[in-house]
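# An overview of the molecular structure
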Amino acid sequence: MTEVLSSPSSRRHHASFDELLLVARNLRWTWKIEARRLFALLDPTASPGALEWPEQLLLGLGRRRVEELLENEDVRTLADEVVRNFRLYMAPGAKTWFSTTHRSQRDLLVAFFAAEFSLTDSLPIFAGGLGTVAAEQMKAASALGIPLVGVGLLYRGSSHQWLDREGRQHEAWDMMSPEQMPISPARDSQGREVHVAVSLPGRDLHVAVYEAQVGRRRLFLLDAALEHNSEADRLLTTQLYDSRPNVRLAQELVLGVGGMRALAALDLAPSTVHLNEGHSVFAVLEYIRRVMAHEGLSFEEARVAVRPSLVFTTHTPVAAGHDYFAPDLAREYLAPYAAQLAISTEELVALGRVTPEWTGDSFCPTVFALRLAGHRNGVSRLHGEVTRRQWSMLWPRTPAVEVPITHVTNGVHLESWVTGPFEKLLTDTIGAQWQTTPGDPVMWSKLTRADDAALWAVKNRARADLVEFARRRARKDLARRHAPTERVAAVSVLHEDFLTIGFVGRFVAYKRPTLLLRDPERLAALLKNPRGPVQIVFAGKAHSSDEGGKRLLADMIDFASRYGVSDRVVFMVDFDTTMDRAMTQGVDLWLNTPRRPLEACGVGGMKAGMNGVLNLSTVDGWWDEALADADPNAAPIGFTIGNKEAWSDESAQDDFDARSLYEVLENEIVPAFYERDEDGVPRRWLASVKQSMSTLAPTWDSLRMTREYTERFYLPGLVRSEQLLAGGAQSARDRAAHLRRLYDNWSSIRVSAGHISPLGEQALVDIEVELGALEPADVTVQVWLEREDRARAVDAQLVDRRDSFARYRATLAASDLEDRWALRVVPSPVHGDGDVLAGLIVWSA
């Protein structure tokens with residue numbers, strides 16, 4: 001249950017131990033600078049990692065010691081501020097963007113499903129970018145007041161990375177109990193702990209539900225480690241992204257079906273379900289089942305009714321990022337749900353096959369989600385284009401530009417990543433409102449007038465903090481694995497004033513973390529250049545079963561040793577959110593080297609960019625978008641590797657990009673960084689830093705992202721689903737019947753080549769269509785025009801009708817005939833309901 005302090009009007013004079021505990025138990029502290037500062041002040045000996053466990057910190061100090069510390073005026077003043085702000089933030093009826101902009105939409109409740117959420121190291125249920133984006137949206141929903149609850153899995157197994165003497169990655173697993181995490185059992189309106197059941201082959205799995213408070217929002221996490229379950233079943237939710245197919249499929253059923261049942265047990269009835277990747281797609285099964293039961297609908301009717309309120313976001317174009325389950329395994333696990341939906345197992349499984357008619361095809365949750373959702377999106381403009389091409393086969397004969405997949409570019413939560421010295425610099429320069437209204441470009445434009453010397457001092461301090469952090473982490477790791485003495489010595493000599501490059505990411509082939517090693521001699525010379533020395537800090541993990549990724553990591557460690565640059569190439573072991581924050585604030589240059597176009601978005605460069613770090617990236621993901629939108633007349637906001645060309649030869653692409661990378665570093669980046677004035681300030685470099693920050697901050701933040709989801713998908717979907725379900729869901733029944741009639745009769749449509757009649761600056765195109773059993777009102781006849789830079793459809797008007805034949809006429813500009821053109825028939829917009837109906841398109845021969 002949500003714990004709330006007394007109302008803002010209460011006259012409590014000073015913060016108490018119990019109030020501080022409530023602050024620590026709400027994950028709002030993860031992004032509130034003053035709360036983090038308070039916990040560090042209460043225990044100055046605590047490491048940055050220990051500060052990720054503020055409740056344990058308070059309990060460890062004890063009530064008496066905390067109360068003694070609160071007698072200090074500085075501590076008491078800060079504690080009072082933290083508690084007062086928390087009270088105001090959590091007060092019922094607090095004014096928010098949603099409550100003021102969409103006050104009439106009281107029925108909205110978004111169920112936000114994701115397999116991972118990266119909120120804090122004390123809740124280690126994350127692995128990569130998906131977890132970051134999911135957490136950023138939870139925090140943004142809290143700030144904006146959007147009615148949203150998160151749903152995920154509670155992974156008790158926490159993986160820790162360590163390297164052997166050869167630099168090979170290994171994993172050690174720790175088991176954590178819920179009592180060690182900032183969560184509590186979720187309770188229903190009667191105060192009972194919530195448990196739900198999920199059907200698996202031959203048994204029901206019992207699942208406990210836990211709750212984390214994320215500001216004003218609630219995150220529910222499902223856990224199978226209950227005594228009711230067999231020993232094997234208790235371990236089902238232990239490990240994130242378990243590589244065993246049967247376990248992975250069971251996890252996805254727990255997340256989707258179990259998550260929806262948990263919400264029902266908590267008396268939460270979502271109006272919108274947002275699915276992030278295919279992992280959570282089975283929430284749709286329970287959503288449809290409940291609508292069928294409540295409204296007395298068939299599966300197809302309920303599918304029509306919920307479709308507008310289903311949002312599916314895909315976060316990767318890489319094939320390995322999508323699950324594919326063997327057909328027999330899918331049938332075994334989905335059979336109970338087919339029975340609940342009153343359809344055959346084969347019908348249900350077919351929805352997840354690329355080729356529904358091929359019973360031997362694998363079941364893909366991504367395909368399942370794309371077919372059932374009413375809103376589908378990638379996570380950057382380029383990713384939207386790539387995704388439309390990638391999944392175009394699900395809409396056969398539909399041009400790629402019309403495949404109904406759009407994009408909402410990811411963003412990051414500014415307050416979570418801009419802390420310490422940068423927070424003060426921003427407040428002094430543009431005002432404290434950057435924390436509450438980050439999307440104001442006029443406000444951020446003031447940053448270009450920031451004092452260079454002050455900005456440079458902040459960057460130097462951040463880099464020094466990172467160097468100390470890296471040394472401390474490296475010593476700890478090297479001591480644990482008894483590394484050679486020379487390596488221990490090398491790590492200790494990182495330099496606080498060298499140009500520092502940061503690379504954070506999964507060690508997988510498409511990320512190309514070792515692109516820098518393409519010419520090792522050239523790289524070593526660059527690092528050792530006495531006139532412009534460079535150092536690189538790496539962090540990231542390979543998947544435990546990815547031997548290729550582990551080799552990439554070992555290659556970087558080996559390079560540092562063989563070329564005598566271990567003092568300038570450091571790998572920080574066991575990446576976590578604490579390390580992420582130190583890296584994004586402390587480096588000077590953020591290196592991102594994915595093979596275009598395989599990066600869906602990439603949020604690391606956004607986080608770093610908010611902290612005065614310049615990006616050096618291939619033109620992929622969000623960076624493709626940022627470059628296109630940047631002011632060409634201002635200082636550059638970063639640097640580019642390679643170009644936008646498509647490559648069929650990956651090795652040639654790597655060679656080209658590596659040469660580009662070295663040239664940009666040698667000829668642009670290093671000279672700009674080390675070009676100093678008489679005061680030792682790199683003004684040309686800082687001009688780009690200020691332009692980058694003022695450009696990125698108002699656009700690439702999670703509040704903008706979450707507002708987009710709300711206004712483009714959540715609210716329109718809510719309105720449309722309410723219309724379909726009104727009056728006993730008659731509209732849903734009628735629409736399902738119309739769709740069935742279209743699909744049953746579509747194959748009889750024929751369209752004849754058009755007759756063109758020039759008419760001055762216009763041209764008339766007459767088109768004859770055989771409709772079969774369908775009516776003219778069922779279809780739209782069009783002329784499709786296409787050239788290299790655009791494609792569009794021109795509607796034709798009905799001229800006359802003879803039995804099953806109808807004649808249409810389209811009016812074009814004479815210049816349109818210079819385009820490639822064809823005739824086609826598609827369903828009337830009234831049947832499409834704003835969507836593209838798969839398979840319902842006929843082209844002229």
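Parameters and conventions
Every chain is numbered independently, its residues counted from 1 as its sequence is written. Selection of residues for local features in this predicted model requires a pLDDT of at least 70, selection of side-chain atom pairs for listing and counting requires 80 or more, and totals for whole chains, interfaces and linings are taken over all residues. Side-chain calculation: all heavy atoms of the structure are included, whereas hydrogens and water are not. Each helix is a run of DSSP H or I of at least 4 residues and each strand a run of E of at least 2, with the numbering of both proceeding from the N terminus. Both definitions apply: the radius of gyration is a C-alpha atom measure, and the globule rule equals 2.2 Å times residues to the power 0.38. Here the term buried applies to any residue with accessible area under 20% of the maximum for its type, exposed to any over 50%, and partly exposed to those in between, with areas from a 1.4 Å probe on protein chains only. Only heavy atoms enter the contact rule, under which two residues are in contact if any of them lie within 4.5 Å. Surface accessibility follows the Shrake-Rupley procedure with a 1.4 Å probe radius. Residue values consider only the protein chains on display as shielding. The convention is simple: Lys and Arg are positive, Asp and Glu are negative, and His and the chain ends are not counted. Note that the charge is assigned to NZ on lysines, CZ on arginines, CG on aspartates and CD on glutamates. Given the number of residues in a helix, its expected span is that number minus one, multiplied by 1.5 Å. By this definition, two strands are paired if DSSP reports at least two bridges between them. What qualifies as a polar contact is a pair of N or O atoms within 3.5 Å, subject to a donor-acceptor requirement within protein and to the restriction that residues adjacent in sequence count only when both atoms come from side chains. To get an axis, fit a line to the C-alpha atoms, keeping to the stretch in contact for a helix; angles then go from 0 to 180 degrees between the N-to-C directions. Roughly parallel here means an angle under 35 degrees, roughly antiparallel means over 145, roughly perpendicular means 65 to 115, and every remaining angle is called oblique. Left-handed describes a crossing whose near helix is turned anticlockwise from the far helix through less than a right angle; right-handed describes the clockwise counterpart. Charged residues are taken to be Asp, Glu, Lys and Arg, nonpolar residues to be Ala, Val, Leu, Ile, Met, Phe, Trp, Tyr, Cys and Pro, and polar residues to be all remaining types, Gly included. Salt bridges are identified by distance alone: a Lys or Arg side-chain nitrogen within 4 Å of an Asp or Glu carboxyl oxygen. Each C-beta atom gives one direction from the helix axis, and the arc is the one those directions make. Only the six-membered ring of Trp is used, alongside the rings of Phe and Tyr, when aromatic pairs are assigned; centres must lie within 6.5 Å, and planes under 30 degrees apart are stacked while those over 60 apart are edge-to-face, with the rest tilted. Both a distance and an angle decide whether a charge sits over a ring: NZ of Lys or CZ of Arg must be within 6 Å of the ring centre and within 35 degrees of the ring normal.

## Comments concerning the overall build of the protein chain
A count of helices and strands for the protein chain gives 28 helices and 27 strands. Relative to the compact-globule value of 28 Å for 845 residues, the protein chain shows a C-alpha radius of gyration of 29 Å, a close match. The dimensions of the protein chain, computed from C-alpha atoms along their principal axes, are 90 × 65 × 50 Å. Relative to its full complement of 845 residues, the protein chain shows a buried share of 59%. Considering only residue pairs separated by 6 or more positions, the protein chain has 73% of its internal contacts joining residues 24 or more positions apart. Per element, the accessible surface of the protein chain, about 33100 Å² overall, is 50% carbon and sulfur. Side-chain charges of the protein chain comprise 96 positive and 113 negative groups, with the mean position of each set lying 2 Å from the other.

## With respect to helix α6 (residues 129-144)
For α6, spanning 16 residues, the distance from its first C-alpha to its last is 22 Å, which sits close to the expected 22 Å at 1.5 Å a residue. Note on α6: the residue one or two positions beyond its end, Gly145, has a positive phi of about 75°.

## Quick look at unusual backbone geometry
Across the junction of Arg596 and Pro597, the peptide omega takes the value 10°, indicating a cis bond. Looking at the element boundaries, Pro597 is found in the loop between β16 (589-592) and α23 (604-609). At Glu277, a residue that is not glycine, the phi angle is positive and equals roughly 65°. Mapped onto the elements of the fold, Glu277 is located in the loop between β9 (272-276) and α9 (283-295).

## Let's talk about the sheet that holds strand β22 (residues 779-787)
Pairing in this open sheet of 4 strands is antiparallel, and the strands run β23-β22-β26-β27 from one edge to the other. Looking at strand neighbours, the two that pair on one side only are β23 (790-795) and β27 (842-843), the edges of this open sheet.

## Some remarks on the side chain of His315
Following the sequence through the fold, His315 ends up in the loop between β10 (310-313) and α11 (327-340). The exposure class of His315 is buried, given its relative accessible area of 13%. A distance of 3.0 Å separates polar atoms of two side chains, one belonging to His315 and the other to Asn276. Residues within four places of His315 in sequence aside, it is in contact with Leu130, Val133, Asn276, Glu277, Val379, His383 and Ala600.

## Some words on the packing of helix α8 (residues 245-265) against α11
At their nearest, the axes of α8 and α11 sit 9 Å apart, and the two run at 20° to each other. By the angle between their axes, α8 is roughly parallel relative to α11. The hand of the α8/α11 crossing is right-handed. Across the interface between the two elements, Pro245, Asn246, Leu249, Ala250, Leu253, Val257 and Arg261 from α8 touch Leu329, Ala330, Tyr333, Leu334, Tyr337 and Gln340 from α11. Of the residues contributing to the contact of α8 with α11, the split by class is 10 nonpolar, 2 polar and 1 charged.

## Quick look at the sheet that holds strand β17 (residues 614-618)
With respect to topology, 6 strands assemble into an open sheet ordered β15-β14-β13-β16-β17-β18, the strand pairing being parallel. The open sheet is flanked by β15 (569-572) and β18 (638-641), the only strands paired with a single partner. Averaged over all adjacent pairs, the angle separating strand axes in this sheet is 20°, with direction ignored. Of the pairings in the sheet, the one linking β16 to β17 comprises 4 bridges and is parallel in character. Residue pairing across strands places Asn592 opposite Ser617, the latter belonging to β17.

## Describing the pairing of β10
By the alternation rule, side chains of β10 split into Leu310 and Phe312 and Val311 and Thr313, which are all buried. Here β9 pairs with β10 via 4 bridges, running parallel. Counterpart to Leu275 in the pairing with β10 is Phe312.

## So, the pattern of salt bridges
All told, the structure shown has 66 salt bridges when counted by the stated rule. Its salt-bridge partner being Arg168, residue Glu547 comes within 2.9 Å of it at the nearest N-O pair. Of this pair, Glu547 sits in helix α21 (residues 547-562) while Arg168 sits in the loop between β3 (157-163) and β4 (169-175), and the two are 379 residues apart along the sequence. When the shortest N-O distance is used, the salt bridge between Asp323 and Arg248 registers 2.6 Å.

## Observations concerning the environment of Asp43
Tracing the sequence through the fold places Asp43 in the loop between α2 (33-42) and α3 (54-69). Along the chain, Asp43 and Val367 lie 324 residues apart, while their C-alpha atoms are 51 Å from each other.

## What to know about helix α20 (residues 520-528)
All of the buried residues along α20 are Pro520, Leu523, Ala524, Leu526 and Leu527. Each buried residue of α20 lies within a common arc of 160° when the element is viewed along its axis, so the set occupies one face. Elements in contact with the buried residues of α20: β14 (534-539), α21, β15 and α25 (650-674).

## Overview of the side chain of Glu415
Note that Glu415 resides in helix α15 (residues 414-417). The exposure class assigned to Glu415 is buried, which follows from its relative accessible area of 7%.

## Brief notes about the packing of aromatic side chains
With the rule as written, the count across this model stands at 19 aromatic pairs. For the pair Phe363 and Phe368, a centre-to-centre distance of 5.7 Å together with 50° between the ring planes defines the contact as tilted. Look at Phe363 and you get buried, because its relative accessible area is 0%. Judged by centre distance (5.3 Å) and plane angle (40°), the ring pair of Trp647 and Phe656 falls under tilted. The class of Phe656 is partly exposed, set by a relative accessible area of 29%. Ring pairing ties together the aromatic residues Trp456, Phe639, Phe673, Tyr674 and Trp685, which thus form one cluster. Of note, Arg28 hangs over the ring of Tyr89, and the distance from its end group to the ring centre comes to 4.4 Å. Geometry around Phe673 places Arg676 over its ring, the cationic atom sitting 5.1 Å from the centre.

## Details of the environment of Ala330
Looking at the secondary structure, you find Ala330 in helix α11. What makes Ala330 buried here is its relative accessible area of 1%. Between the C-alpha atoms of Ala330 and Asp74, which are 256 residues apart in sequence, the distance is 61 Å. The contacts of Ala330, once residues within four sequence positions are left out, are Leu249, Val349 and Phe363.

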